[in-house]
Structures are given as C-alpha cells and as structure tokens.
Amino acid sequence: MATGRTHRPATRSRGIPEATVARLPLYLRALTALSERSVPTVSSEELAAAAGVNSAKLRKDFSYLGSYGTRGVGYDVEYLVYQISRELGLTQDWPVVIVGIGNLGAALANYGGFASRGFRVAALMDADPAMAGKPVAGIPVQHTDELEKIIDENGVSIGVIATPAGAAQQVCDRLVAAGVTSILNFAPTVLTVPDGVDVRKVDLSIELQILAFHEQRKAGEEAEAQAGAADRAARENDGKGPDGDLPAVMPA
C-alpha cells in the first residue's frame, strides 16, 4: 500500500477550489451513510440536503471532479464514494503522529474513525516521562525525544498537535524539520510554518464563542420583538375607554 510520504492528493493539480475541497468530506460522509444502507443512487437534491449545502453548489462541486450524474437517475453512490475518496487521497495509507496525550490527545487517539477513513495512527508522543510506555487506545505512548526517529521510520507526513499552547510552536518546528508537511493544530495558538506546509487549526473555544455570539443575537432579536409587540399593544389601547374600542364620553 502506498504511504502518505510518497503520494499527494490530486486536488491542487486539477485546480479544484479550496471551498470545494472543504465540502468534499461532507459529501463523502453523506455518501458513506447511504452506502451503508445499500442505497444505489441518489439525486443531487437528496445528497445536498444530507450534506447541508444547496443542490446547485453540489452540482458545481462535482463538475470539478468530472462527475455529472445521470438525468432522471442521479449519482451512483459507490462510484462517488470511490471518486471523492481518491480525490481526497483516502485510497492510500496516511500514517499520523499525535503529539500531546492529555485528555484531548487521548480522545483523538481513541477516535475510531481514523482507520476507516485512510488514516493510521503511527505513534502517540508526549513530553511527560511518566507517560512513556503507557498504552492509550492500544498504542504505547513514546517520549517526544523519539519524535524525529518515529517520523522517519513511519514515513509520517501528517502531524497532530494537541499540546498546551506554550509547547505547540516548538513541536511544530520539530515536525516540520523532520519532514512533516501537513499539521492539524488543536493547541490554542497560531503556528508559524514555512511555505509548503499546510496547517488546519481546530479551536473549540473559538467555535463556542461564535455560537455564543449567535445566541446573544437571537436573544436580542427576541427581546426587540417582545418590546415591539408591547409597544404596538400600548398604541392600540391608547385613547380607548373603559369599555374597550369606544372612547369614554364625558357628560355635557
């Protein structure tokens, strides 16, 4: 089986936009669910709804793959699973090293979806000597002193950083120097990398803050709506007599 170090995905050479690349995993997840239910074909509308995009955008994205479906039939599910998996580079083996085996790193190591999606956890690394040899998800943790050796022996090109913020840049520099060209960063800090190295940042606190913003906005809109309704009710009742719609008439 090919390894990640010697093979790269074809998306850049084919000129597929980054926005389309970002949606391909969404399509693949929806298609995989359909495949597991033995669904043979799917329409663009059904697949778009399952992936959370509009159908026009889906058809445009698939046109970059050279897949246009069949009128009246839709898309062949199994073929699309293969086609998108190939485009994303998931038909080959991608050895991954996870650095920082705290609560988050351990949770990532225990995630069962890596293997089924073409990723093999080659090693777990931590700077704490007390962690050395401790099995996590059936894999013994190794000290970060062995990082360069592990990367070289396993042909690792993808590194996952789950360390505290203060250690992340140093770990990143060591990964890059050892030949890693793609990094998934869970540390709450921005990493500096040279050209040719791709970094994807996952910051859970930022995502929660964005959700908090939307919750606050929705609460404000609801308060404004309630205030507006109360104001309208007050204006409608203004000048009405005790019996309702008819104004009170004072005796002459």
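Residues numbered from 1 in each chain as written. Predicted model: local features only at pLDDT ≥ 70, side-chain atom pairs only at ≥ 80, totals over all residues. Heavy atoms only, no water.

Colleague: I keep staring at the overall build of the chain and nothing clicks. Help me out?
Modeller: Looking only at helices and strands, the chain features nine helices and nine strands. Looking at the chain residue by residue over its 252 residues, the buried ones come to 35%. Sequence separation of 24 or more characterises 58% of the internal contacts of the chain that already satisfy a separation of 6 or more. Summing over all exposed atoms, the chain offers an accessible surface of approximately 15,000 Å²; the carbon and sulfur share of this is 55%. (Helix = DSSP H or I, 4+ residues; strand = E, 2+ residues; numbered from the N terminus. Buried < 20%, exposed > 50% of the residue type's maximum accessible area, 1.4 Å probe, protein only. Contact = heavy atoms within 4.5 Å. Areas by Shrake-Rupley, 256 points an atom, 1.4 Å probe, with all protein chains shown as cover.)

Colleague: What am I meant to see in the packing of aromatic side chains here?
Modeller: Both the distance between ring centres and the angle between the ring planes are used here to describe each pair of aromatic rings. According to the stated counting rule, one finds three aromatic pairs in the structure shown. Between Y27 and F62 the ring centres are 5.0 Å apart and the planes differ by 75°, which places this aromatic pair in the edge-to-face class. A residue pair is termed long-range when its members are at least 10 positions apart, and Y27 in helix α1 (residues 18-36) and F62 in helix α3 (residues 55-64) qualify at 35 residues. Note on F62 and Y75: the rings are 5.1 Å apart at their centroids and 85° apart in plane angle, and the pair reads as edge-to-face. One end of the pair, F62, is in helix α3; the other, Y75, is in strand β2 (residues 75-76), with 13 residues separating them in the sequence. Here Y75 falls in the buried class, since its relative accessible area comes to 5%. Linked through ring pairs, Y27, F62 and Y75 together constitute an aromatic cluster. (Phe/Tyr/Trp six-rings, centres within 6.5 Å; stacked < 30°, edge-to-face > 60°.)

Colleague: Help me understand the sheet that holds strand β4 (residues 119-126), please; the structure alone is not making it clear to me.
Modeller: Pairing between the strands of a sheet comes from backbone hydrogen bonds, and it takes one of two forms, parallel or antiparallel. Read from one edge to the other, the open sheet built from seven strands follows the order β5-β6-β4-β3-β7-β8-β9, with strand pairing classed as mixed. Two strands bound the open sheet, and with one partner strand each, they are β5 (135-136) and β9 (198-201). Where strand β8 (residues 182-185) meets β9, four bridges bridge the pair, whose relative direction is parallel. Among the inter-strand pairings, L184 is bridged to a residue of β9, identified as R200. Along the sheet, helix α7 (residues 147-154) makes contact with β3 (94-99), β4 and β6 (139-143), crossing β4 at roughly 165°. The strands touched by helix α8 (residues 165-177) within the sheet are β3, β7 (158-161) and β8, with β7 carrying the most contacts at an inclination of about 170°. (Pairing = 2+ DSSP bridges. Axes fitted to C-alpha atoms, helices over the stretch in contact; angles between N-to-C directions.)

Colleague: Would you take a moment to explain a negative patch on the surface for this structure?
Modeller: A surface patch of negative charge is lined by D145, E146, D152 and E153. Position of E153 among the secondary structure elements: in helix α7. (Patch = residues over 30% accessible without salt bridge, like charges linked within 9 Å, V, L, I, M, F, W, Y side chains within 5 Å. Salt bridge = Lys/Arg side-chain N within 4 Å of Asp/Glu carboxyl O. Lys, Arg positive; Asp, Glu negative; His and termini not counted. Charge placed at Lys NZ, Arg CZ, Asp CG, Glu CD.)

Colleague: Got a minute to help me understand the environment of R117 in this structure?
Modeller: Here R117 lies in the loop between α6 (113-116) and β4. Beyond its immediate stretch of four places on either side in the chain, R117 contacts L90 and Y111.

Colleague: What am I meant to see in unusual backbone geometry here?
Modeller: Of all residues except glycine, most have a negative phi; of all peptide bonds, most are trans. Positive phi, normally seen in glycine, also occurs at S38, with a value near 60°. Considering the arrangement of structural elements, one finds S38 in the loop between α1 and β1 (41-42). Phi angles above zero are rare outside glycine, and A137 is one such case at about 55°. Of note, A137 is situated in the loop between β5 and β6.

Colleague: What is the right way to read the confidence of the model for the chain from this model?
Modeller: Low pLDDT marks stretches whose predicted atomic positions should not be read closely. Confidence along the chain averages 87 in pLDDT terms, with 88% of residues attaining 70 or more. Predicted confidence for residues 1-13 stays below pLDDT 50, and this span has 34 contacts to residues more than four positions away or in other chains. (pLDDT = per-residue confidence, 0-100.)

Colleague: Explanation requested: the pairing of β8 in the structure shown.
Modeller: Side-chain positions along a regular strand alternate between the two faces of the sheet. For β7 and β8, the ladder comprises four bridges, and the chain directions are parallel. Among the inter-strand pairings, V160 is bridged to a residue of β8, identified as L184.

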